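# An overview of the molecular structure
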Amino acid sequence: MRFGPSQLAALSAVIRLGSFEHAARDLHVTPPAISQRIKALEERIGASLIQRGTPCTATDAGARLAKHAEDIGLLEAQVTRDLALDTDPGQARMAIAVNADSLATWVIPALAEVSAMMFDLVIDDQDHSADWLRRGAVSAAITSADTAAPGCDRVALGALRYVATASPAFVETWFANGVTAQSLSQAPCLTFNAKDRLQSVWIHRLTGRRIAPPTHFLASSHGFVDATRLGLGWGMNPEVMVRPLIDQGDLVALSPLKLETALDWQVSRVMASALAPLTRAIRTAARDVLIQP
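Please read these numbers as outputs of a predicted model, since none were measured by experiment.

Residues W106, W202, W234, M236, W265 and L278 are the most contacted members of the largest nonpolar core, which totals 42 residues. Going through the elements one at a time, β3 (92-98), α5 (100-112), β5 (140-143), β6 (152-166), α8 (181-184), α9 (198-207), β10 (252-268) and α12 (276-289) are the ones with two or more residues in this core. In this structure W202 touches A164, V179, L184, W234, M236, L254, S255, L257 and L259, once residues within four positions along its chain are discounted. Residues F3, A10, I38 and L49 belong to the second largest nonpolar core, which totals 18 residues.

Across its 13 residues, helix α1 (residues 5-17) extends 18 Å between first and last C-alpha, which sits within 8% of the 18 Å expected from 1.5 Å per residue. Positive phi appears at G18, one or two residues downstream of α1, with a value of about 90 degrees.

With that out of the way, let us pick up the sheet that holds strand β9 (residues 235-238). Across the sheet, 6 strands lie side by side as β4-β3-β5-β10-β6-β9; this open sheet has mixed pairing. Across the chains shown, the open sheet's two edge strands, defined by having one partner strand only, are β4 (117-123) and β9. Between one strand axis and the next, the sheet turns by 30 degrees as a mean value, whatever way the strands run. Pairing geometry for β5 and β10, over 4 bridges, is antiparallel. In the sheet register, A140 faces β10, and the bridge partner there is V267.

The final tally for this structure, using the stated rule, is 12 salt bridges. In this structure, R161 and E260 form a salt bridge, with 2.5 Å as the shortest nitrogen-oxygen distance. Placement of R161 in strand β6 and of E260 in strand β10 is noted, with a sequence separation of 99 residues between them. Its relative accessible area of 25% is what places R161 among the partly exposed residues. Connected through salt bridges with shared partners, the residues R161, E239, R243, D247, K258 and E260 form a single ionic network.

This brings us to the pairing of β3. Counting buried positions along β3 yields 7 of 7 residues, so the element is predominantly enclosed. Side chains of β3 alternate between two faces, with A92, M94, I96 and V98 and R93, A95 and A97 buried alike. Summarising the sheet, β3 and β4 pair through 7 bridges and their orientation is parallel. For A92, the partnering residue across the bridge sits in β4 and is M117.

Calculation criteria
Residues numbered from 1 in each chain as written. Predicted model: local features only at pLDDT ≥ 70, side-chain atom pairs only at ≥ 80, totals over all residues. Heavy atoms only, no water. Core = buried A, V, L, I, M, F, W, Y, C linked by side-chain atoms within 4.5 Å. Buried < 20%, exposed > 50% of the residue type's maximum accessible area, 1.4 Å probe, protein only. Helix = DSSP H or I, 4+ residues; strand = E, 2+ residues; numbered from the N terminus. Contact = heavy atoms within 4.5 Å. Expected span 1.5 Å × (residues − 1). Pairing = 2+ DSSP bridges. Axes fitted to C-alpha atoms, helices over the stretch in contact; angles between N-to-C directions. Salt bridge = Lys/Arg side-chain N within 4 Å of Asp/Glu carboxyl O.

Below, the structure written as structure tokens:
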């Protein structure tokens, strides 16, 4: 089944921008034209592609079809460059899944090296980002999976090292008698979201016990560091982010025990050639920051 390029462009724009009006402005057409293209596409597919609302969102079928359109655009841009055609392919768009701490510490410089692409970043825990690949929702992902997702190539990048930290005042208040199972069961900790297990893993390795301390949920890597520095709670932070704060005395490492999360780069095998420049940039940036084997 073949789809019209203008219809696919309309679908991608609505999903990306969240409304028919914004999509129309982006594509320099009228909102009724966008509506007609989406309706024709839905009739051809025989399924709803857009959940109308504020904002508009994709159905499962719509997300898969929009991803297909992005892949086609990326491959066409590669062919245009490889054949040195006069036609300007524009900037191809691609979706990748990235964990928040990698985004905050080393991924953005890699993305900045690839000026020919526009990125849709899906932020998810590294233990779950491979699921986006399996669903076909992204073309590549930074993961901590032991095996490659079906149809993907996997490249080891190194490990992001985490250290448990707190402010000096917080340590004086909650850990005056040491970092023990008892004090950890009472001291407020910071957790990124429900998927974040770093704090509980660290506690178990340090004490041998499974403890559920009082927890603040704070889904921001930089906010996590700020909250730790200001004494809201203790938490596991990427060492590369907090080392300067530890060195100047604004934060204290609670224990010599550190955790390392091994990361890899997984990319759809079909898209691997088109994404080769991004893969090179990702590997180079990772070598500069991550702990290498």
